[in-house]
Amino acid sequence: MAAPKTTPTPEPKPAPCPVCNGCGEVSRTVQVGRKRRTVGKQTGFCLNCLGSGEAPD
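The structure displayed is predicted, hence computed values, not measured ones.

1. Regarding the overall build of the chain
Part 1: For the chain, the count of helices and strands is 0 helices and 2 strands.
Part 2: Its C-alpha atoms give the chain a radius of gyration of 21 Å, more than 25% over the compact-globule value 10 Å for 57 residues.
Part 3: Dimensions of the chain along its principal axes, counting C-alpha atoms only, are 80 × 20 × 10 Å.
Part 4: Counting 8 positive and 4 negative side-chain charges, the chain places the centres of these two groups 22 Å from one another.

What follows is the structure, encoded as structure tokens:
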């Protein structure tokens, strides 16, 4: 008689990064000129999770 099959338990999802909320990108304001006038925003990858979106341990 064969042994009963068991279903593997799925691994828990890692917690999202608190800085980028799990998306892997953050926005920074861009300032130009001597008076540091704000002209817009620029996105880049999150330095906390290095763009993975998962919270570092």
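2. Things to note about the environment of C20
Part 1: Tracing the chain through its elements places C20 in the segment before β1 (25–32).
Part 2: Between the C-alpha atom of C20 and that of L47, which follows or precedes it by 27 residues, the distance is 9.3 Å.
Part 3: Apart from the residues lying within four places of it in its own chain, the contact partners of C20 are E25, V26, C46, C49 and G53.

3. A closer look at unusual backbone geometry
Glycine aside, a negative phi is what most residues show, and trans is what most peptide bonds show.
Part 1: For R36, which is not a glycine, the phi torsion comes out positive at approximately 55°.
Part 2: Turning to its location among the elements, R36 is positioned in the loop between β1 and β2 (37–45).
Part 3: In this structure, L50 takes a positive phi of about 60° despite not being glycine.
Part 4: In this fold, L50 is placed in the segment after β2.

4. Thoughts on the environment of A15
Part 1: Among the structural elements, A15 can be located in the segment before β1.
Part 2: Overall, A15 belongs to the partly exposed group, its relative accessible area being 46%.
Part 3: Between the alpha carbons of A15 and G51 there is a distance of 14 Å; along the sequence they are 36 residues apart.
Part 4: Ignoring anything within four residues of it in the chain, the contact list for A15 reads G53, E54 and A55.

Conventions adopted
- Residues numbered from 1 in each chain as written.
- Predicted model: local features only at pLDDT ≥ 70, side-chain atom pairs only at ≥ 80, totals over all residues.
- Heavy atoms only, no water.
- Helix = DSSP H or I, 4+ residues; strand = E, 2+ residues; numbered from the N terminus.
- Rg over C-alpha atoms; globule rule 2.2 N^0.38 Å.
- Lys, Arg positive; Asp, Glu negative; His and termini not counted.
- Charge placed at Lys NZ, Arg CZ, Asp CG, Glu CD.
- Contact = heavy atoms within 4.5 Å.
- Buried < 20%, exposed > 50% of the residue type's maximum accessible area, 1.4 Å probe, protein only.

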